[in-house]
Amino acid sequence: MACIFNDPIHGTIELDKVLVKFIDTPEFQRLRNIKQTGIAAFVYPGATHTRFEHSIGVCYLSGVVLDRLLIQLQPEFNVTVTSVDRLCVQIAGLLHDIGHGPFSHLFDACFTQQFSSRNWSHELQSCRIFDYMLEKYQEIKDALIELGLDENDFNFIKEMIYAKDYVSRSDGVWPFKGRSKEKSFLYEIVANERTGIDVDKFDYLLRDCYHFGITCTLNWRRLIHMMRVVEKDGELRIAIRDKERDNVFNLFYLRMHLRRIAYQHPTCSAIDLMVKDVLTLSNNILHPTKTLSDSINDMIFYLSLTDYILDMIANLNIWLGESPQRSEAQKIIDRIYRRKLYTLVGETPPSNDKYLESTDDIISEISGEDNTLRETLCVAYLDLNFGKWGPGGDPLEAVLFYN
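Residues numbered from 1 in each chain as written. Predicted model: local features only at pLDDT ≥ 70, side-chain atom pairs only at ≥ 80, totals over all residues. Heavy atoms only, no water.

Trainee: Explain helix H10 (residues 199-212) to me, please; I cannot follow it from the model alone.
Mentor: Since one α-helical turn is 3.6 residues long, residues separated by three or four positions face the same way. Here H10 contains 14 residues, and its C-alpha end-to-end distance of 20 Å stays within 8% of the 20 Å for a straight helix at 1.5 Å per residue. The backbone nitrogen of Asp200 lies 3.4 Å from a side-chain oxygen of the residue at the head of H10, namely Asp198. Phi turns positive one or two residues past the end of H10, at Gly213, with a value near 80 degrees. (Helix = DSSP H or I, 4+ residues; strand = E, 2+ residues; numbered from the N terminus. Expected span 1.5 Å × (residues − 1). Polar contact = N/O pair within 3.5 Å; in protein donor to acceptor, adjacent residues only side chain to side chain.)

Trainee: How do you make sense of the packing of H10 against helix H12 (residues 245-263) when you look at a structure like this?
Mentor: Each pair of packed helices gets described by two things: the angle between the helix axes and the distance between those axes. At a minimum axis separation of 11 Å, H10 and H12 run at an interaxial angle of 45 degrees. Taken together, the axes of H10 and H12 are oblique relative to one another. Where H10 crosses over H12, the handedness of that crossing is left-handed. Taking contact as the criterion, the partners of Lys201, Phe202, Tyr204, Leu205, Asp208, Cys209 and Phe212 in H10 are, on H12, Leu251, Leu254, Arg255, Leu258, Ala262 and Tyr263. (Axes fitted to C-alpha atoms, helices over the stretch in contact; angles between N-to-C directions. Parallel < 35°, antiparallel > 145°, perpendicular 65-115°, else oblique. Left-handed = near helix turned anticlockwise from the far one by under 90°. Contact = heavy atoms within 4.5 Å.)

Trainee: What is the right way to read unusual backbone geometry from this model?
Mentor: Backbone geometry follows two general trends: most residues other than glycine have a negative phi, and most peptide bonds adopt the trans configuration. The phi dihedral of Phe103 is positive, around 60 degrees, even though this residue is not glycine. Note that Phe103 resides in the loop between helix H4 (83-95) and helix H5 (105-114). The class for Phe103 is buried, based on a relative accessible area of 5%. The backbone of Asp233 sits at a positive phi, close to 55 degrees, despite the residue not being glycine. (Buried < 20%, exposed > 50% of the residue type's maximum accessible area, 1.4 Å probe, protein only.)

Trainee: Is there a simple way to explain the environment of Asn219 in this structure?
Mentor: Summarising the element assignment, Asn219 is placed in the loop between H10 and helix H11 (220-225). Taking the C-alpha atoms as reference points, Asn219 and Ile34, separated by 185 residues in sequence, lie 28 Å from one another.

Trainee: Help me out: how do you make sense of the pattern of salt bridges in this one?
Mentor: Where charged atoms from two side chains of opposite charge approach closely, those side chains can pair. Evaluation of the coordinates by the stated rule reveals 19 salt bridges. Between Glu235 and Arg194 there is a salt bridge, and its shortest N-O distance comes to 2.8 Å. In this pair, Glu235 sits in strand S4 (residues 235-241) while Arg194 sits in the loop between helix H9 (165-168) and H10, placing the two residues 41 residues apart along the sequence. Put simply, Arg207 and Asp203 hold a salt bridge, and the shortest N to O gap is 2.9 Å. (Salt bridge = Lys/Arg side-chain N within 4 Å of Asp/Glu carboxyl O.)

Dropping the structure here:
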């Protein structure tokens, strides 16, 4: 039995009722209040779409891609993909972003930069929340077990969400426990760390273009239709028909194009820096005994955080009275709402050496001995590229093509 959703990007889609059990939880519903593109709605008014609908879209596309691969799967590979495999792939697609904090990737940056929690990521947090949900909702775990899933499958789901190990080993040892090398192509559907071509990217490019009001030039249906499983270096991998090279390049170009004109738009970058300053200044004022940076290790605290954190900080005085400790953060929020933003005073394409310098070094070089100027400067890196996947910056070099 399936539940039907009407999605503005994919139209009418059906999801198995066990997937809907995950959707109908407070942990997943929280994604309704976390915008997909962070603070971009301050520049693109239509960009109010959330991680909620994106996650449902990725779940749906995960099933579409896997079904297409199975149609083309060559008998000589002697691989049987079960209904349990398919359900695991869809659960990974559904929950891959459940670990995002307020304003999506902006929150990641706060913890890796301002709060120096470099071993933390929203992917790892998604895995922890999945474990938390299985422990909290026995009825969901029982439903999964009834369908044939076990602890090995739960690990498989988490490995697909956090697939960094897929490319981190050079010794040829298979890094995963959830599935053997014979089913390695399953790890390339939701989050493809090898080529960057995955259903997560398909959905967010389509959805972001739609809500930004930007024409999407990606022929994603044709790309999916041209996918098939091939053998490469003893593993089964996802490959794309060679005549689709231009279409594949267009995917990476569209990603870079959106980064340039939307995600890292100068005004977006300014507001991004202001919100980071607000969160940093508010680190000690949101909880009587815990800091904001403690939230990554406190599941209940973390799951209470959404984009509404800005309004909460702005209105704390109504509930708790005036406080000098909160005033600086509230002043910045007021500036955001009144469009009195940080001003771009200059930009330059840094050399490789400059790029490796710390922010403090760059500010010191610009300000010299002027301490007043030093206190008013901040540096934002705009990373405009086709992706990290191919050697020498060419993403097509990492893609497998068949003829």
